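This is what each chain is made of:
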Amino acid sequence: MTNIVVLVKQVPDTYSERKLTETDHTLDRESADAVLDEINERAVEEALKIKEAGEGEVTVLCVGPDRATDAIRKALSMGADKAVHVSDEALHGSDLVATSRVIAAAIGKLDSVDLVIAGNEASDGRGGAVPAVVAELLGLPQLTHAHHLAVEGSTVKVDRETADEGITHLEANLPALVSVTEKINEPRYPSFKGIMAAKKKPVETYTVADLGIDAGEVGLTNAWSAVQSASPKPPRQAGERVEDDGEGGTKIAEYLVGQKLV
Amino acid sequence: MIDFRLDSDYEDLRKTVEDFARSEVAPVIGEYYEHERFPYDLVAQMGRMGLFGLPFPESYGGMGGDYFALCVALEELARVDSSVAITLEAGVSLGAMPIYRFGTDEQRRQWLPRLCSGEMLGAFGLTEPGGGSDAGATVTSATARDGEWVINGSKAFITNSGTDITGFVTVTAVTGTKAGGGKEISTIIVPSGTPGFTVDAKYSKVGWNCSDTHGLAFSDVRVPEENLLGTRGKGYNQFLSILDEGRIAIAAIGVGLAQGCVDECLRYVAEREAFGHKIGDFQAIQFKVADMESRTHTARLAYYAAASKMLRGEPFKREAAIAKLTSSNAAMDNAREATQIFGGYGFMNEFPVGRFYRDAKILEVGEGTSEVQRMLIARDLGL
Ligand SMILES: Cc1cc2nc3c(=O)[nH]c(=O)nc-3n(C[C@H](O)[C@H](O)[C@H](O)COP(=O)(O)OP(=O)(O)OC[C@H]3O[C@@H](n4cnc5c(N)ncnc54)[C@H](O)[C@@H]3O)c2cc1C
């Protein structure tokens, strides 16, 4: 029986225009459709595969505002068994260190967790450090950037892939934390049966106080870094056009060399 | 007051299918369409998502949903592509539904689980080369002989009848003469591959190019007597009720296509420039888009209303006919306007609006022509 916790986050849909609010430069959640982050769908899928191959229970854990219930329900409709939702006004604008502490405290509330699975990086903040920080706080081995994951008895094996180091094979004793990349799998779409069943699955809701965390340790004013200003990405420039007058190949090669691409 | 928002189950399903359509169908469908290939892998994915089992009970491998859930899914698919949508519509509403509604428990157990999972498709053969609207004019015959039905005749334009995963075609056939002298029509299940049952080469069609459509021929085809579906002589009533429901589903497909036209145009008019302006700045273009949106909205309300009557168990023939008529008109009008807004690009196959234009026409014909819908509405009004 493997007890798996999957960390999930609700993010603005990458199909819609994403912006920051004018007032405090936090994410403007009203301006975009909110969805379960795709990398988390993959994390849930991986957990479900482990559960389906043997025995286990999958709990999704989400720190986010009330409307993140939609993202939680999506994970439950894919087949996760239950959910923990930490929702508190005080969390608005929390940085990744504070968020990680909240996550770690919430995991601490659960019985005998064998495996924590997270996405390697959320598609909105893109800090990419939450899994490592949570693992540190919980004293768990961290196996990050996994594109392959296998649980064998009381060990977990992953293939870790990074741009700099290529592929490394890692192994750890459970309990452990794994973060996955988008290459790990193709997530399933929920079925209608799953959608209807999701509504009946238990969702436990905590405030930061419930987790024994002081509201003064989280939130925008207690973040270690602050966004001073933000400006939209400049529109993409028209590409450079190479007319082939017999010298086309040479010109393209020169351009690539100039850009240090070859 | 009536609430026209979708319940959260339907809304979650809608979002799931929307996501599937834009992530899985949209990137590949143009290629399938161009080569007129049946999208087996998309159908398999839809099967795994449970879309083919939406309105059927879990005991037969279904999702335990209802017919409206199917319509919501069809609308979202057709927003991106109608061939995929009609494959699902015909698979469920013409293939599986007659088995579920009129079949014995044994027939249901034999066919429904594989139909619900999308591993198998069933087809429904009513239309004949000599006539579709006047279905009572059926000439295909089935004679009971030595515990078997011997079937002779032919069918035309039958959806899903010739794929690699087609399991059977349910055909209407004349099985005798009624007391009053009229034709006795019954429905019989003919498994694919039965000797004497030939599937013609696929048609070259104007639209729905990745949907599977064939003419069928029956020459002394023998199937066991137990393949009779429902009561002998009730074939006519059976398909009338199947078609009434089917019209709501076709209406949902029309609404999806009409919505797809709005989606594509909103994107395009914000980018395309002429005379130093985005074309969306021109009021003539804005009015076209506003009309497209109005037609889509009206047609959607029409099919929601028909489906809600149907699910309440009230008579819905008139509302279903109104929904199909309104929706197919909206689809045709929107496809015409959308291709106009796209200018020359609207005539190019690489843009979805061109595909929408080709796919819209059949909605005025399939599962009862627009004339037939008007006949049904008028008749229901006592004319
Ligand atoms: C792509 C495709 C898929 C199809 N799939 C299936 C399928 O899976 N199963 C199946 O059984 N059929 C299927 N059909 C057949 C379809 O349902 C028929 O084409 C349709 O019902 C019209 O029948 P018809 O073509 O014989 O036209 P006809 O009945 O010959 O009609 C010709 C014209 O006359 C009009 N008309 C007829 N009678 C009247 C009247 N009394 N008053 C006024 N106008 C009238 C019609 O509206 C039409 O405009 C499919 C057709 C196509 C093109």
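The structure presented is a predicted model; accordingly, all values stated were derived computationally and were not measured.

Asker: Help me out: how do you make sense of the overall build of chain B in this one?
Answerer: On a plain count of helices and strands, chain B comes out with 10 helices and 10 strands. Counting only C-alpha atoms and orienting by the principal axes, one finds that chain B spans roughly 80 × 45 × 40 Å. The buried share of chain B, taken over its 383 residues, is 53%. Taking the intrachain contacts of chain B between residues at least 6 apart in sequence as the baseline, contacts between residues at least 24 apart amount to 73%.

Asker: So what exactly am I meant to see when it comes to the UniProt feature "domain: Acyl-CoA dehydrogenase/oxidase N-terminal" (unreviewed entry) in chain B here?
Answerer: This chain's UniProt record puts "domain: Acyl-CoA dehydrogenase/oxidase N-terminal" (unreviewed entry) on residues 9-119 of chain B. Annotated as residues 9-119 of chain B, this span is 72% helix and 0% strand, and its ends, taken at the C-alpha atoms, are 25 Å apart.

Asker: For this particular structure, what's the right way to read the UniProt feature "domain: Acyl-CoA oxidase/dehydrogenase middle" (unreviewed entry) in chain B?
Answerer: Residues annotated in UniProt with the feature "domain: Acyl-CoA oxidase/dehydrogenase middle" (unreviewed entry) correspond here to residues 123-221 of chain B. Secondary structure within residues 123-221 of chain B divides into 0% helix and 54% strand; the distance between the first and last C-alpha atoms comes to 17 Å.

Asker: I keep staring at the interface of chain A and chain B and nothing clicks. Help me out?
Answerer: By a frequent convention, interface size equals the accessible area lost on bringing the separate parts together. Counting residues at the interface gives nine residues for chain A, matched by 13 residues for chain B. Elements supplying a minimum of two residues to the side of chain A that touches chain B: helix H2 (69-78) and helix H5 (192-198) of chain A. Ranked by residue count, the leading element in the side of chain A that touches chain B is H5(A), at four residues. In terms of residue class, the side of chain A that touches chain B is made up of five nonpolar, two polar and two charged.

Asker: Whenever I open this one, helix H6 (residues 235-269) of chain B confuses me. Can you help?
Answerer: Helical geometry: 3.6 residues make up each α-helical turn, so side chains three or four residues apart lie on a common side. Helix length check: H6(B), at 35 residues, gives a terminal C-alpha distance of 50 Å against a target of 51 Å (1.5 Å per residue), a fit within 8%. With 27 of its 35 residues buried, H6(B) lies for the most part within the structure.

Asker: Got a minute to help me understand the pairing of strand S5 (residues 183-191) of chain B in this structure?
Answerer: Two faces belong to every sheet, and in a regular strand the side chains alternate between them. All names here are of chain B. Strand direction decides the pairing type here: strand S4 (residues 166-177) and S5, joined by nine bridges, are antiparallel. Bridge assignment links Val174 to a residue of S5, and that residue is Ile185. The antiparallel pairing of S4 with S5 creates a hairpin that spans five residues between the two strands, and Gly181 there sits at a positive phi of about 100 degrees. Pairing of S5 with strand S8 (residues 228-229) involves two bridges; the strand directions are antiparallel.

Asker: Quick question: what am I supposed to make of the packing of helix H4 (residues 82-102) of chain B against H6(B) here?
Answerer: Each pair of packed helices can be summarised by the angle the axes make with each other and by the distance between the axes. Residues and elements named next belong to chain B. Running from amino to carboxyl end, H4 crosses H6 at an angle of 160 degrees, the nearest separation of the two axes being 10 Å. When the axes of H4 and H6 are compared, the pair comes out roughly antiparallel. The way H4 lies across H6 gives a crossing that is right-handed. In contact with Ser82, Ala85, Ile86, Glu89, Ser93, Leu94, Met97, Pro98 and Phe102 of H4, H6 contributes Gln238, Ile242, Glu245, Gly246, Ala249, Ile250, Ile253, Gly256 and Leu257. A class-by-class count of the residues in the contact of H4 with H6 yields 11 nonpolar, five polar and two charged.

Asker: I keep staring at unusual backbone geometry and nothing clicks. Help me out?
Answerer: Most peptide bonds are trans, and most residues other than glycine sit at a negative phi. Omega for the peptide link from A:Leu174 to A:Pro175 comes to 0 degrees, which places this bond in the cis form. Of note, A:Pro175 is situated in the loop between strand S9 (166-173) and strand S10 (176-180). Unlike most non-glycine residues, A:His145 shows phi in positive territory, near 55 degrees. Within the secondary structure, A:His145 is located in strand S7 (residues 142-152). The phi angle at B:Phe275 is positive, at roughly 50 degrees, despite the residue not being glycine. Assignment of secondary structure puts B:Phe275 in the loop between strand S9 (273-274) and strand S10 (277-278).

Asker: What should I look at first to understand the UniProt feature "domain: Electron transfer flavoprotein alpha/beta-subunit N-terminal" (unreviewed entry) in chain A in this one?
Answerer: The positions that UniProt labels "domain: Electron transfer flavoprotein alpha/beta-subunit N-terminal" (unreviewed entry) are, in the present scheme, residues 24-215 of chain A. Split by type, residues 24-215 of chain A is 29% helix and 30% strand. Its first and last C-alpha atoms lie 18 Å apart.

Asker: Whenever I open this one, the site of the ligand confuses me. Can you help?
Answerer: Around the ligand sit 23 residues in total, of which B:Leu126, B:Gly132, B:Ser133, B:Thr369 and B:Glu371 are the nearest. Here the shell around the ligand gathers at least three residues from each of two domains, domain 2 (123-233) and domain 3 (237-380) of chain B.

Asker: I'm lost on the domain arrangement of chain B in this one. Help?
Answerer: Residues and elements named next belong to chain B. When cut into domains, chain B gives domain 1 (8-119), domain 2 (123-233) and domain 3 (237-380). Taken together, the contact between domain 1 and domain 2 spans 21 residues of the former and 16 residues of the latter. The dominant element in the side of domain 1 that touches domain 2, judged by the number of residues it contributes, is H4, at 10 residues. Per-class residue counts for the side of domain 1 that touches domain 2 are 11 nonpolar, six polar and four charged.

Asker: Help me out: how do you make sense of the confidence of the model for chain B in this one?
Answerer: Note that predicted coordinates carrying low pLDDT should not be read in detail. Across chain B, pLDDT averages 96, with 99% of residues at or above 70. Across the interfaces of the predicted complex, the ipTM metric reaches 0.86, alongside a pTM of 0.90.

Asker: Whenever I open this one, the pairing of S4(B) confuses me. Can you help?
Answerer: All names here are of chain B. With nine of 12 residues buried, S4 is to be regarded as a mostly interior element. Of the strand pairs in this sheet, strand S1 (residues 121-125) and S4 are connected by five bridges, and their pairing is parallel. By the bridge assignment for S4, Ala123 is matched with Val169.

Asker: Would you mind showing me how to read the environment of A:Ile167 here?
Answerer: Residue and element names in this part refer to chain A. As for its position among the elements, Ile167 is in strand S9. On the neighbour-count criterion, Ile167 (11 C-beta atoms within 10 Å) is exposed. Between the alpha carbons of Ile167 and Ala146 there is a distance of 9.4 Å; along the sequence they are 21 residues apart. Excluding residues that lie within four positions of it along the chain, Ile167 makes contacts with Asp159, Arg160 and Glu161.

Cut-offs applied
Residues numbered from 1 in each chain as written. Chains lettered and ligands numbered in written order. Predicted model: local features only at pLDDT ≥ 70, side-chain atom pairs only at ≥ 80, totals over all residues. Helix = DSSP H or I, 4+ residues; strand = E, 2+ residues; numbered from the N terminus. Buried ≥ 20, exposed ≤ 12 C-beta atoms within 10 Å, placed from the backbone. Contact = placed C-beta atoms within 7 Å. UniProt positions renumbered as here; feature names shortened; annotations may be inferred. Nonpolar A, V, L, I, M, F, W, Y, C, P; charged D, E, K, R; others polar. Expected span 1.5 Å × (residues − 1). Pairing = 2+ DSSP bridges. Axes fitted to C-alpha atoms, helices over the stretch in contact; angles between N-to-C directions. Parallel < 35°, antiparallel > 145°, perpendicular 65-115°, else oblique. Left-handed = near helix turned anticlockwise from the far one by under 90°. Near = placed C-beta within 6 Å. Domains from an automatic or database assignment. pLDDT = per-residue confidence, 0-100.

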